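Coordinate inspection notes
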Amino acid sequence: MAGPPAGETWVPMSMGLESYLMRVRFAPSPTGALHIGGARTALYNWLMARGNAGTLVLRIEDTDKERSTPENVEQILDALKWLELDYDEGPISQLSRTDRHQELLQRLLAEGKAYRSTATGDDVKAYKSKHGADKGFRGAAQDEGAVRLRVPDEGSTTVHDIIRGDTVFQHVHMDDPVIARADGSVLYNFAVAVDDMDAEITHVVRGEDHLSNTPKQLLVYEAIGATAPLFAHLPLLHGPDGKKLSKRHGAASVQELRDAGFLPAAVRNYLALLGWGAADDQTIISTHELVAQFDVARVQKNPAQFDVKKLTWLNGQYVRAMDVDALTAALEAFTGRTGLREAVAISQEKIGTLADFWPLAGFLFDGPADDPAARAKWLDDGHRSALVQAREALAHLEPFEVGAIELALREVVEADPERKPKDVFQPIRVALAGTTISPGIFESLAVLGREESLRRLDAALATS
RNA sequence: GCCGCCAUCGUCUAGGGGACUAGGACGCCGCCCUCUCACGGCGGAAACCGGGGUUCGAAUCCCCGUGGCGGUACCA
C-alpha cells in the first residue's frame, strides 16, 4: 500500500521533492503494551507520511533479547491495528539485520573509528569523578571487550531538530559510547543509526528521551560516512500529577483505552492535540483533516499531561456524531451482545464511552437492577396510585409508541393537580430499570414493549 | 553530581515585539432546558514562574535564578 492513501492524490503546494520522498518510521521496542506516548509517536509519524505522500516504516527494536518477546510484538501490532494506523513497510525486526550490523561494526573497528575495551560502567564512573565534566571517557584499544565508538576530543555535534532548533553537544562532555557488547551483539545507538540509514529514513520523529542519544547516533552516521536524517523530538507525556504516565492514571496503554470504551477516531483526535494544536486551535478534528493539517514544526516543546476527562468528552462528541448503525456495531462488538440497535438509539446522547452503555441500558435486556434506595424512595405507598394509573393507561394503549406513551402518561400526571411529572415518571423508571438512571422513560417503555413493560410494572406493584 | 531540554488559566492550547482588557477547548461554578442521567444553550471564576536587561513598547528577544523533565547502561 505504498504511495498516497486512497482518494488523496494531492501534494501540498509548499512541499518540495524532499518532502515528497519523505520516509518516516515508528520503531517501538517490544517491552510490553504500547503506551500512550508511543501511540502518539506512531500517530505523528503516520500523519506525516499520509500528509506528505510519504512512506511509513515499522521497525521492531528487539536487540534486547531479554525483554523482547513475540507476545510483546503482537501487542504492539494489535494496538496499531486498533488505532487504524497502517504502515507501508515492515514490521522489520532489528535483530534480523544482524549481518548488516556486523558488517559495519567490523568496518568501523578496522578503520579505527571504534575500538574494543574492557572498561566497565564503574570504570567510566571512576574516570568521570576524577576528570569532572571537562573530559569524557576515552578508552584505549584492547583486543577484547565491548566496542566503543571513538568520539573526537575536540569540537561538537549539533542536533538539528525541527521542533527545538539546534542543540549543540560538546565532544569533551561525551563518553565514548558502547555500540556493541563484548559478545559482539550491537546496541541501540548503533543499530538505530544503521537501520535508519539503510531504510533511507528522512525524518526521525521520536520521544524527547532520545534527544541526548542523538549526538551519539550522529557520530555513527559520520563514522559510516552517511548523511543523517532530520530529527524531531516530541515532548514527553505525563499523568495528571505531572509524573510519568502510568496505569494508576486511568489508562497508560492503548489496550486499556480500548477496554475503557474509547473510539479509535477519538483517541487519534485527542492524541494529536496532546502537544500539537491546529493553526486555528480547532478541537474536534477528523483524521482526514488531521492528515491535511498536521505540521510537526508546530509541535509544542513542553511536556503534556494526559487528561482522561477531555478524552472522555471528545469521545462523547464522536459517539454522538456516529450513525446509529455504526454505533450499534461498535457496541455489539464491545459488549458481545446482539440486537442492541433500539437501545443504542435511545442511549446515544447519554454515553461518553462504549463502557457507559451497558450500565445505562443493560436493564432493557437483563431486567431491572437492584437499587434498594431507589425502590424505597419511589416505590413507596405515596407513589403507588400513580403507578397503578400508569399501568392502566398503558395496558391497552394503541399504538404502543413513544409519542402515544408520552401523551398517555402526561394525562396521568394531570389527573392529580398535586402530582408533578417526576411523581409518575420516576416510579415507572425504577419499576423498569431498578434504578433512577436510565434513557428517557417513554423511549425505554417503547423499546421494552407493552408486555414486558406491564410485567415489570406489575412486579413493582407486587413488592411495594 | 554532570550534560541537556522545557516553562501562557487546574489541564490541552492560541499567540512569535504594538491588533492582549491574553483568545478557544476540557474541567469547575451559576442559570436555562428537563421524567432521571446526560446532551444542549447562556453566563462566570481562572494563566503569561521570578528577577534583571534590550526596546518608545516584551507573554513574545537576551541573561540569570527557580522549578519540572530527560540522559548520564555491555537497556531501548
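For the structure itself, consult the block above.
Only a predicted model underlies this, so the values are computations on that prediction, with no experimental measurement involved. (Residues numbered from 1 in each chain as written. Chains lettered and ligands numbered in written order. Predicted model: local features only at pLDDT ≥ 70, side-chain atom pairs only at ≥ 80, totals over all residues. Heavy atoms only, no water.)

In this section: the protein's contact with RNA strand B. As a matter of local geometry, RNA strand B sits amid 61 residues, with Asp64, Gly275, Asp281, Lys350 and Arg429 nearest to it. Here RNA strand B approaches the protein such that, of its atoms within 4 Å, sugar and phosphate make up 70%. Here a phosphate oxygen of RNA strand B and a side-chain polar atom of Gln317 are 3.2 Å apart. Those elements that provide at least two residues to the surface near RNA strand B are strand E5 (146-149), strand E12 (304-305), helix H11 (308-321), helix H19 (421-433) and helix H20 (441-448). With five residues, H11 is the single largest residue contributor to the surface near RNA strand B. Broken down by class, the residue content of the surface near RNA strand B amounts to 21 nonpolar, 19 polar and 21 charged. (Near = heavy atom within 4 Å. Polar contact = N/O pair within 3.5 Å; in protein donor to acceptor, adjacent residues only side chain to side chain. Helix = DSSP H or I, 4+ residues; strand = E, 2+ residues; numbered from the N terminus. Nonpolar A, V, L, I, M, F, W, Y, C, P; charged D, E, K, R; others polar.)

To continue, consider the pairing of strand E1 (residues 23-26). The side chains of a regular strand alternate, residue by residue, between the two faces of the sheet. With burial as the criterion, each face of E1 is covered, one bearing Arg23 and Arg25 and the other bearing Val24 and Phe26. Relative to strand E2 (residues 55-60), E1 is paired through four bridges, and the arrangement is parallel. Residue Arg25 lies in a different strand from E2, and its bridge partner there is Val57. Crossover E1 to E2 through helix H2 (residues 36-51) is right-handed. (Buried < 20%, exposed > 50% of the residue type's maximum accessible area, 1.4 Å probe, protein only. Pairing = 2+ DSSP bridges. Right-handed = clockwise from strand over helix to strand, strands pointing away.)

Of the voids in this model, the largest pocket is the one considered here, and its volume is about 1200 Å³. Surrounding the largest pocket, 42 residues form its lining, Pro28, Ser29, Gly38, Asp209 and His210 being those nearest its centre. Mapped by element, the contributors of at least two residues to the lining of the largest pocket are E1, H2, helix H6 (188-198), strand E9 (203-207) and strand E11 (237-238). In terms of residue count, H2 provides more of the lining of the largest pocket than any other element does, five residues in total. Taken together, the residues of the lining of the largest pocket sort by class into 18 nonpolar, 14 polar and 10 charged. (1 Å grid on protein atoms, 1.4 Å probe; cavity = no way out; pocket = protein on both sides within 12 Å on 5 of 7 lines; lining within 4 Å. Points joined across faces, edges and corners; volume = space filled by probe spheres on them.)

The next subject is the packing of H19 against helix H21 (residues 450-463). With their axes 8 Å apart at the nearest point, H19 and H21 run at an angle of 105° to one another. Taken together, H19 and H21 sit at an angle that is classed as roughly perpendicular. Along the contact surface, H19 presents Ile428, Ala431 and Leu432, while H21 presents Ser453, Arg456, Leu457 and Ala460. Taken together, the residues of the contact of H19 with H21 sort by class into five nonpolar, one polar and one charged. (Axes fitted to C-alpha atoms, helices over the stretch in contact; angles between N-to-C directions. Parallel < 35°, antiparallel > 145°, perpendicular 65-115°, else oblique. Contact = heavy atoms within 4.5 Å.)

To continue, consider the pattern of salt bridges. Taken as a whole and assessed by the stated rule, the structure comprises 28 salt bridges. Taking the shortest distance from any N to any O, the salt bridge between Asp86 and Arg50 comes out at 3.0 Å. Of the two residues, Asp86 is situated in the loop between helix H3 (70-83) and strand E3 (89-93) and Arg50 in helix H2; the sequence distance between them amounts to 36 residues. Exposure remark for Arg50: the relative accessible area of 6% places this residue in the buried category. The partner of Glu111 in a salt bridge is Lys113, with the nearest N and O atoms 3.3 Å apart. Residues joined in a network through salt bridges with shared partners are Arg25, Arg59, Glu61, Arg97, Arg100, Glu103, Asp195, Asp196 and Asp198. (Salt bridge = Lys/Arg side-chain N within 4 Å of Asp/Glu carboxyl O.)

What follows deals with the nonpolar core. Counting 95 residues, the largest nonpolar core has Trp276, Leu394, Leu409 and Ile428 as its most contacted members. No other element matches the nine residues that H2 contributes to this core. Sequence-distant contacts of Leu394, that is, excluding residues within four places in its chain, are made with Phe400, Ile405, Leu409, Leu445, Arg450, Leu454 and Leu457. (Core = buried A, V, L, I, M, F, W, Y, C linked by side-chain atoms within 4.5 Å.)

Our focus in this paragraph is empty space enclosed by the protein. Counted according to the given criterion, the structure contains one cavity of 30 Å³ or more. Lining the largest cavity, in full, are Phe26, Ala42, Leu56, Val57, Leu58, Leu80, Leu85, Asp86 and Tyr87. No other element matches E2, which puts three residues into the lining of the largest cavity. A per-class count over the lining of the largest cavity returns eight nonpolar, no polar and one charged.

As defined by bridge partners, strand E6 (residues 156-161) adjoins strand E7 (residues 165-170) across six bridges and the pair is classed as antiparallel. Its bridge partner being in E7, Asp161 is matched across the sheet by Gly165. With antiparallel pairing between neighbouring strands as the criterion, E6 and E7 make up a hairpin whose turn holds three residues.

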